[in-house]
Amino acid sequence: MSAVLTSTIAVQDFGRVAVLFGGRSAERAVSLKSGNAVLSALQAAGVDAFGIDVGDDFVQRLASEKIDRAFIVLHGRGGEDGTMQGLLECLNIPYTGSGVLASALAMDKLRTKQVWLSNGLPTPRYAAVASLEECTLVAESLGFPLIVKPSHEGSSIGMAKVNSLAEFEAAWQSAAKLDPQVLVEQVIQGPEFTVAVLRGEVLPPIRLVTPHTFYDYDAKYQANDTQYLIPCGLAADKEDELKRLCAAACETVGTQGWARVDVMQDADGQFHLLEVNTVPGMTDHSLVPMAANAAGLDFTQLVLSILADSLEQRG
């Protein structure tokens, strides 16, 4: 196990830790599970931790409670998009994970792709579709099948794989109800991988196998037939290539502490970046804990490592 991933910090050094979870995004249910798992692990390790379900009174609670640092386990808008990070900066409360800029950028799938492409990193061909009328032109340009997704949602919420113009238009209408910015991507036919980066170290990649048409919300959080392959089955040189690409993807976005990158591999063996998550799931179905376990870290060690980064990076 790398020394970078472990910490000699005494739990008392963390002070009083507020675990922020729940919130009001479309990913609230997942965040509640993640937050409770993190809170339980911190308390079991002896950390003076308490939970805040981020609701209408959370600003007052942050300002009035004694908080030495915050562990952010808020998925989606309002917690993963830079807004909570900015508030904590204003309140001078150190926090886990990425800062304001990287959080906001990573939450915007369209602009993340634009930044990756500007730095020569591969990602599927795409278009931003602002109206129903544009669907026909985009379909002619990109061809089918396509993935339609709200640009600012996570956990595959609002996503659909489409094979015809009629399906495309229906999926666009559904996605546009969640987000005025709808991203459409060419489907990469091939295996899907997810790669966690923890404190600058790339953890073992995981190959995702699902009988669903794609790795959707049900496959992520509810289904029992999703397979998580560690080792991922790649030859050593291709696995190293994948890990280098994901490290570059995170460095380009500017992530800090921890993140998870989703990647597809095409029939020619080339990798294509999909997105980066700056507050990945921490449920019993979640991928970062699986990858950490493969690297020799149990869940409690993982949580303490993420928290330690907030102490070392932000004081």
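Calculation rules
- Residues numbered from 1 in each chain as written.
- Predicted model: local features only at pLDDT ≥ 70, side-chain atom pairs only at ≥ 80, totals over all residues.
- Heavy atoms only, no water.
- UniProt positions renumbered as here; feature names shortened; annotations may be inferred.
- Salt bridge = Lys/Arg side-chain N within 4 Å of Asp/Glu carboxyl O.
- Helix = DSSP H or I, 4+ residues; strand = E, 2+ residues; numbered from the N terminus.
- Buried < 20%, exposed > 50% of the residue type's maximum accessible area, 1.4 Å probe, protein only.
- pLDDT = per-residue confidence, 0-100.
- Pairing = 2+ DSSP bridges.
- Axes fitted to C-alpha atoms, helices over the stretch in contact; angles between N-to-C directions.
- Contact = heavy atoms within 4.5 Å.

An unreviewed UniProt entry lists the chain under the name D-alanine--D-alanine ligase, with Atopomonas hussainii given as the organism. A UniProt comment under Subcellular location (unreviewed entry) is attached to the chain, and it reads "Cytoplasm". Quoted verbatim from the Function (unreviewed entry) heading of the UniProt record, the comment on the chain is "Cell wall formation."

Visitor: What's the story with the pattern of salt bridges in this structure? I'm lost.
Guide: Side chains that carry opposite charge are capable of pairing whenever their charged atoms lie near each other. Enumeration according to the criterion identifies eleven salt bridges in this entry. Across the salt bridge formed by Glu275 and Lys149, the nearest N and O atoms sit 4.0 Å from each other. Here the residue Glu275 occupies a position in strand β13 (residues 271-277), and Lys149 occupies one in strand β5 (residues 146-150), the gap between them amounting to 126 residues. No difference in accessibility class separates Glu275 from Lys149, as the two residues are buried. Of the charged contacts, one joins Glu241 and Lys238 as a salt bridge, the two residues approaching to 2.9 Å between their closest N and O atoms. Highlighted residues: Glu241 and Lys238, both in helix α9 (residues 236-253), separated by three residues, approximately one helical turn. In the salt-bridge network here, residues are joined through shared partners; they are Lys113, Lys149, Glu185 and Glu275.

Visitor: How do you make sense of the confidence of the model for the chain when you look at a structure like this?
Guide: Low pLDDT means the predicted coordinates in that region are not meant to be read closely. The predicted model of the chain has a mean per-residue pLDDT of 90, with 90% of residues at 70 or higher. Across the chain, element-level confidence peaks in α9 with a mean pLDDT of 98 and bottoms out in helix α8 (residues 217-221) with 51.

Visitor: Could you clarify how one ought to interpret the UniProt feature "active site" (unreviewed entry) in the chain in this entry?
Guide: Listed under "active site" (unreviewed entry) in the UniProt record, and renumbered for this structure, are Glu27, Ser155 and Ser286. In this fold, Glu27 is placed in the loop between β1 (16-21) and α1 (28-44).

Visitor: Sorry, what's going on with the sheet that holds β1 here?
Guide: Strand pairing in a sheet takes place through backbone hydrogen bonds and is either antiparallel or parallel in direction. An order of β2-β1-β3 is seen for the three strands of this open sheet, with the pairing classed as parallel. Every other strand in the sheet has two partners, leaving β2 (48-53) and β3 (69-72) as the edge strands with one partner each. Direction aside, neighbouring strands of the sheet carry axes that sit 30° apart on average. Examined bridge by bridge, β1 and β2 share six bridges and lie parallel to one another. Looking across to β2, one finds that Ala18 is bridged to Phe50. Contacting β1 and β3, helix α3 (residues 83-90) runs over the sheet at an angle of about 175° to β3.

Visitor: Teacher, can you tell me more about the sheet that holds strand β7 (residues 182-186) here?
Guide: Taking strand neighbours across the sheet as the criterion, the four strands line up as β4-β7-β5-β6 in an open arrangement whose pairing is antiparallel. On the outer flanks of this sheet lie β4 (126-129) and β6 (160-162), each paired with one strand and no other. The sheet shows a mean angle of 25° between the axes of neighbouring strands, direction not considered. Relative to β7, β5 runs antiparallel, the two being bridged by five bridges. In the strand pairing of β7, Pro150 is matched with Val182. Contacts between helix α6 (residues 134-142) and the sheet are confined to β4, β5 and β7, with β4 contributing the most and set at about 180° to the helix. Packed on one face of the sheet, helix α7 (residues 165-178) meets β4, β5, β6 and β7 and runs near 15° to β5.

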